[in-house]
Amino acid sequence: MKKIAVSLLALFTLVGCQKERTIEVNMLDTGYTIEPVSTIENIPVNTGIWQCTIDEKVSACIAKYDQDYVIQGYGIYDFETNQYRESDTDPIPEDETYGYLSISTSEYNVYYKVISDYESQMNTTSYFVEKDGQYTFLRENTQSMDLSSDYQHLSVYEENDKAYLVYDEDNELIINEITSDGYKEIERKPLQIDDYTLTNYYYDDALVLEYSSDQDNLVIINDEEYHLELYSHYIIFDDILLVSNYTEPDGGNMQDLLNTYVIDRQTKEVIELDTNIDTNRYRARYDDYYYSYNEAGELVILRYNDSIDIITTSINYNSVDNLNTLAMNNGIYIFEQDYISETMTISLLSLTQEEKTE
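Residues numbered from 1 in each chain as written. Predicted model: local features only at pLDDT ≥ 70, side-chain atom pairs only at ≥ 80, totals over all residues. Heavy atoms only, no water.

(A) Region of the structure containing the packing of aromatic side chains. Counting across every chain of the model gives 18 aromatic pairs. Note on Y98 and Y135: the rings are 3.7 Å apart at their centroids and 5° apart in plane angle, and the pair reads as stacked. In this pair, Y98 is assigned in the loop between β6 (83-87) and β7 (100-104) and Y135 in strand β10 (residues 134-144), connecting sequence segments 37 residues apart. Owing to a relative accessible area of 22%, Y98 belongs among the partly exposed residues under this scheme. A residue is classified by how much of its surface remains accessible, and Y135, at 29% relative accessible area, is partly exposed. An aromatic cluster is present here, built from Y98, Y111, F128, Y135 and F137 joined pairwise through their rings. One Lys or Arg, R139, reaches over the ring of Y167 and ends 3.6 Å from the middle of that ring. (Phe/Tyr/Trp six-rings, centres within 6.5 Å; stacked < 30°, edge-to-face > 60°. Helix = DSSP H or I, 4+ residues; strand = E, 2+ residues; numbered from the N terminus. Buried < 20%, exposed > 50% of the residue type's maximum accessible area, 1.4 Å probe, protein only. Lys NZ or Arg CZ within 6 Å of the ring centre and 35° of its normal.)

What follows is the structure, encoded as structure tokens:
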């Protein structure tokens, strides 16, 4: 199998006296705006917030807890009207038979249900497709609760208003298009490639397959193949792969950060960066940016547009009693709680007008 990601030494030898391409890493802390949106009164001590769709509107669903984490009620925040309303029941109720809505297309809906057996420490996940009130069982899978990886063996994803069902069987990963009354196979991928074994797969604007061997890792994005070092972590942008290498893990945790480089997804050129970036920290993504918190508790944005921008914001989870974030098209919504006044302040951190200011 031909390796795409060659070593940096080999690359520099090949290009000889050609001008070396560089990519700037900009450390930014100004240029964005934080706009207060609204304040909600009478919010108890603890909340959990997630994005949901209520009455065909993108909203924030809020679960309210007491100090013992017993559910005390729910709330719904409408992003269009900036209005909040209470709800005595879960805004996204679980159907006793078919579970929760997972994917909604213009033709059908896909539901999933998880049944947990705590005695055996096993979860059974089932998927159903629904159209016009008629439900069809698709497939189910049972596996241990204490997974050592994200590999789910059975999952669904959406692309271009179509839903897909993915599972492994007979040493192959089988990709199926979901129809209104079932599913049909469209492609198969091997679970074993030479000395590589499939360790994980997920959807990120494309189906991403992760393989591992004793020597290195193989990542396949569509038909793009990337050979990465054993102890590395990467994040995907439209034009590049941003890769960080670490020392050998101890106890399952990433160790010291060694170096960071870029692979151009069009030319496969490898470009070393002068600034190391702990990509393993950036697990949350929305559209064209990633975000996380640094050691100081500050919200940090990572994005790429010819240069790599690392934007440190003034949002800090250490400065408030409780902090939740939801990423949206126009930026990141910040939900800050004050336990004494029992209020929640909602603000929008806009990324659309940010200017590069070093």
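We are not done yet, so read on.
(B) Quick look at the environment of R285. With respect to the helices and strands, R285 occurs in strand β24 (residues 284-286). The sequence separation of R285 and D238 amounts to 47 residues, and the corresponding C-alpha distance is 13 Å. With near-sequence residues (within four places) excluded, R285 lies in contact with D204, D205, I236, F237, D238, Y290 and Y291. In terms of polar contacts, R285 uses its side chain to reach the side chain of D204, at 2.4 Å. (Contact = heavy atoms within 4.5 Å. Polar contact = N/O pair within 3.5 Å; in protein donor to acceptor, adjacent residues only side chain to side chain.)

(C) Representation of the sheet that holds strand β20 (residues 232-236). Pairing within the open sheet is antiparallel, and its four strands lie in the order β20-β21-β22-β23. Bordering the open sheet on either side are β20 and β23 (270-272), each of which pairs with just one other strand. In this sheet, adjacent strand axes meet at a mean angle of 25° when their direction is disregarded. Relative to strand β22 (residues 257-264), strand β21 (residues 240-246) runs antiparallel, the two sharing seven bridges. Pairing of Y246 across the sheet is with L257, part of β22. (Pairing = 2+ DSSP bridges. Axes fitted to C-alpha atoms, helices over the stretch in contact; angles between N-to-C directions.)

(D) Quick look at the nonpolar core. Residues L242, L302 and I308 are the most contacted members of the largest nonpolar core, which totals 30 residues. Elements with a contribution of two residues or more to this core: β18 (217-221), β19 (224-228), β20, β21, β22, β23, β26 (298-305) and β27 (307-316). Ranked by the residues each element gives to this core, the list is headed by β21, at four residues. Leaving out residues up to four positions away in the same chain, L302 has contacts with I235, F237, L242, Y282, Y289, Y290, I308, D309 and I310. One finds Y164, L191, L198 and Y211 within the second-largest nonpolar core, a separate group that totals 16 residues. (Core = buried A, V, L, I, M, F, W, Y, C linked by side-chain atoms within 4.5 Å.)

(E) Summary view of the state of the cysteines. The full count for this structure, using the stated rule, is one disulfide. Here C52 is linked by a disulfide to C61, with a sulfur-sulfur distance of 2.0 Å. Disulfide C52-C61: torsion about the S-S bond near 95°, hence right-handed. A relative accessible area of 0% places C61 in the buried class. (Disulfide = S-S within 2.5 Å.)

(F) Geometry of the sheet that holds β18. Spatially, the five strands line up as an open sheet ordered β15-β16-β17-β18-β19, and their pairing is antiparallel. Pairing within the sheet leaves two strands with one partner each, and these edge strands are β15 (192-193) and β19. One ladder, built from six bridges, connects strand β16 (residues 196-203) with strand β17 (residues 207-212); its direction is antiparallel. Within the sheet, the bridge partner assigned to Y203 lies in β17 and is L207.

Keep in mind these numbers describe shape, not what the thing actually does.
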